[in-house]
Amino acid sequence: MQTQKHISVYILCGGKSSRMQTEKGLVMFNNKPFIEWILDAVKPISNQIYLITENTDYSIYNYPLIPDIHKDKGPVGGIHTALTHTNTPQNLILSCDIPMISTHIINRYLINSKVINSNIAFVSDSTRDYPLIGMYSTNNLEKFEAAIQQNHLKLMHLIQSSTYHRIQVASRDFGALYNINTQDELQTLIQRKL
């Protein structure tokens, strides 16, 4: 499989992780930290991979660590940092708490779909949207900059003020999207995979 030279990947490793009580990207699942599962999924897709974080614990993975330009602005701040840093028009944005994500899922719904050149495209199951499994064009940079200046930090509100595509995922693929925010959710995932 050929990597995509026109796509950069940014994994958002920031956040307070208050519900998990530990650094989410480094939580262990099936003998690997979450971040390793995500890196394994994106390495076949792009050779331009960046971690949005200033936590040097991630430096063992040998990918550039990019600190947020504006601190404590949540996912909006993380995406703004990615769009400011990137040198590609399209950027795959992923959160660090989705250990079941796969190369197949990303390719099927985001890379090889007709929405690759949308302003914003993200996946959805029948009940939830996942804006942190999405493609973001650099065309959005001014909009994200303005949102931060006005402290409008609700990501879905910002997305809905732009042109976007919501990509419905087939039910058999729902499990790949789950983001794990709490120890209870982690235990449920572990039990499901036993």
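Residues numbered from 1 in each chain as written. Predicted model: local features only at pLDDT ≥ 70, side-chain atom pairs only at ≥ 80, totals over all residues. Heavy atoms only, no water.

A. Fine view of the overall build of the chain. Scanning the chain for helices and strands turns up six helices and nine strands. The C-alpha atoms of the chain give 16 Å as radius of gyration, which agrees with the globular expectation for 194 residues (16 Å, within 12%). Buried residues in the chain amount to 51% of all 194 residues. Here the analysis covers contacts within the chain between residues at least 6 apart in sequence; of these, 70% occur between residues at least 24 apart. Approximately 9400 Å² of the chain is accessible, and the part contributed by carbon and sulfur atoms is 49%. (Helix = DSSP H or I, 4+ residues; strand = E, 2+ residues; numbered from the N terminus. Rg over C-alpha atoms; globule rule 2.2 N^0.38 Å. Buried < 20%, exposed > 50% of the residue type's maximum accessible area, 1.4 Å probe, protein only. Contact = heavy atoms within 4.5 Å. Areas by Shrake-Rupley, 256 points an atom, 1.4 Å probe, with all protein chains shown as cover.)

B. Spatial organisation of the environment of Lys-143. As for its position among the elements, Lys-143 is in helix α4 (residues 141-149). The class for Lys-143 is partly exposed, based on a relative accessible area of 32%. Put simply, Lys-143 and Tyr-61 are 82 residues apart on the chain and 32 Å apart in space, counted from C-alpha to C-alpha. Within polar-contact distance, the side chain of Lys-143 engages the backbone oxygen of Ser-161 at 3.2 Å. (Polar contact = N/O pair within 3.5 Å; in protein donor to acceptor, adjacent residues only side chain to side chain.)

C. Focus on the side chain of Thr-81. Along the chain, Thr-81 turns up in helix α2 (residues 74-85). Beyond its immediate stretch of four places on either side in the chain, Thr-81 contacts Ile-52, Ile-66, Pro-67, Asp-68 and Ile-69.

D. Structural detail: the nonpolar core. Ranked by size, the top nonpolar core spans 34 residues in total, and within it Ile-11, Leu-92, Ile-106 and Ile-133 carry the most contacts. For this core, the secondary structure elements donating two or more residues are β1 (7-12), α1 (34-42), β4 (49-52), β6 (90-95), α3 (103-111), β7 (120-124) and β8 (129-137). Setting aside chain neighbours within four positions, we find Ile-133 in contact with Ile-93, Leu-94, Ile-98, Ile-101, Leu-110, Ala-121, Phe-122, Val-123 and Leu-177. (Core = buried A, V, L, I, M, F, W, Y, C linked by side-chain atoms within 4.5 Å.)

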